[in-house]
Amino acid sequence: MKVFILLFVVGFVAAEYKIKHFDDLMHYHDECATEHNIPADTLAKYKKQKYEDDHQTHCHIHCVAKKLGVFDDEHGMAIDNYVAQVVAANHETEEVVRPKIVHCAEEVEQYKADHCLWAFKGFFCTKAAGYEVIERKHRKGGHKKHDHDH
């Protein structure tokens, strides 16, 4: 019985999602660009959040979203991870974020036949809801971003 409880606790802790940060995002952009032969000028645009609505871009977003742990090919948007990530990136509460992420996940389900498009649509639904998936800038002291900080 003790072994079972220990395995259960260890398994639960191992499954806990780790929030990703800006440096992680940049690293994943680089990895995905290498994996998918993305030209350097296109990668530079991606890193500035300038995305075309084309298959190459869809697949790049798919790759990054999988590496972030917010998307998988079987279930689409990993809602719990997506919510945790968006809450952290936007300094928002889970109660406010979760319904919007659930709505996005349901809305983009129609695209699941094309995993790249599915991930892309989920990402842009999140952005259309007014959220970043990663906090975009490093802030000294971890202060909240205010409207005048742009």
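Residues numbered from 1 in each chain as written. Predicted model: local features only at pLDDT ≥ 70, side-chain atom pairs only at ≥ 80, totals over all residues. Heavy atoms only, no water.

Now for the overall build of the protein chain. In terms of regular secondary structure, the protein chain is built from seven helices and two strands. Reading the protein chain from its N end, one meets helices and strands in the order α-α-α-α-β-β-α-α-α. For the protein chain, the residues scored as buried account for 35% of the 150 residues in total. (Helix = DSSP H or I, 4+ residues; strand = E, 2+ residues; numbered from the N terminus. Buried < 20%, exposed > 50% of the residue type's maximum accessible area, 1.4 Å probe, protein only.)

Turning our eyes to something else, we now look at the pattern of salt bridges. It is possible for side chains of opposite charge to pair when their charged atoms get near one another. A full pass over the atoms with the stated rule returns eight salt bridges. The partner of Asp 30 in a salt bridge is Lys 47, with the nearest N and O atoms 2.6 Å apart. Remark: Lys 47 occurs in helix H3 (residues 40–47) and Asp 30 occurs in helix H2 (residues 22–35); sequence separation between them is 17 residues. Two residues, Glu 31 and Lys 67, come together in a salt bridge whose shortest N-O distance is 3.0 Å. Pair noted here: Glu 31 is in helix H2 and Lys 67 is in helix H4 (residues 55–68), with a separation of 36 residues, a long-range link. Members of the salt-bridge network, linked through shared partners, are Glu 31, Glu 35 and Lys 67. (Salt bridge = Lys/Arg side-chain N within 4 Å of Asp/Glu carboxyl O.)

The next subject is the packing of H2 against H3. Where H2 contacts H3, the axes come no closer than 11 Å and their chain directions differ by 150 degrees. Comparing their axes, H3 and H2 come out roughly antiparallel. Handedness of the crossing formed by H2 with H3: right-handed. Along its contact with H2, which presents Met 26, His 29, Asp 30 and Ala 33, the element H3 presents Leu 43, Tyr 46 and Lys 47. When the residues that make up the contact of H2 with H3 are grouped by side-chain class, the tally is four nonpolar, one polar and two charged. (Axes fitted to C-alpha atoms, helices over the stretch in contact; angles between N-to-C directions. Parallel < 35°, antiparallel > 145°, perpendicular 65-115°, else oblique. Left-handed = near helix turned anticlockwise from the far one by under 90°. Contact = heavy atoms within 4.5 Å. Nonpolar A, V, L, I, M, F, W, Y, C, P; charged D, E, K, R; others polar.)

A few words now on H4. For H4, with 14 residues, the first-to-last C-alpha span of 20 Å sits near the 20 Å given by 1.5 Å per residue. Along H4, 10 of the 14 residues are buried, which leaves the element largely enclosed by surrounding structure. The secondary structure elements touched by the buried residues of H4 are H2, H3, strand E1 (71–72) and helix H7 (115–128). (Expected span 1.5 Å × (residues − 1).)

A separate point is the side chain of Thr 57. Inspection of the secondary structure puts Thr 57 in helix H4. On the accessibility criterion, Thr 57 (1% relative accessible area) is buried. Side-chain polar atoms of Thr 57 contact the side chain of Asp 54, separated by 2.7 Å. When neighbours within four sequence positions are excluded, Thr 57 is seen to be in contact with Tyr 46, Tyr 51, Glu 52 and Phe 120. (Polar contact = N/O pair within 3.5 Å; in protein donor to acceptor, adjacent residues only side chain to side chain.)

This part is about the nonpolar core. Soluble globular proteins: nonpolar side chains tend toward being buried together. Judged by nonpolar contacts, the single largest core of 36 residues is most densely connected at Leu 68, Met 77, Tyr 82 and Ile 101. Elements with a contribution of two residues or more to this core: H2, H3, H4, helix H5 (79–90), helix H6 (94–108) and H7. Sequence-distant contacts of Met 77, defined by excluding residues within four places in its chain, comprise Val 70, Phe 71, Tyr 82, Ile 101, Cys 104, Ala 105, Val 108, Gly 122 and Thr 126. (Core = buried A, V, L, I, M, F, W, Y, C linked by side-chain atoms within 4.5 Å.)

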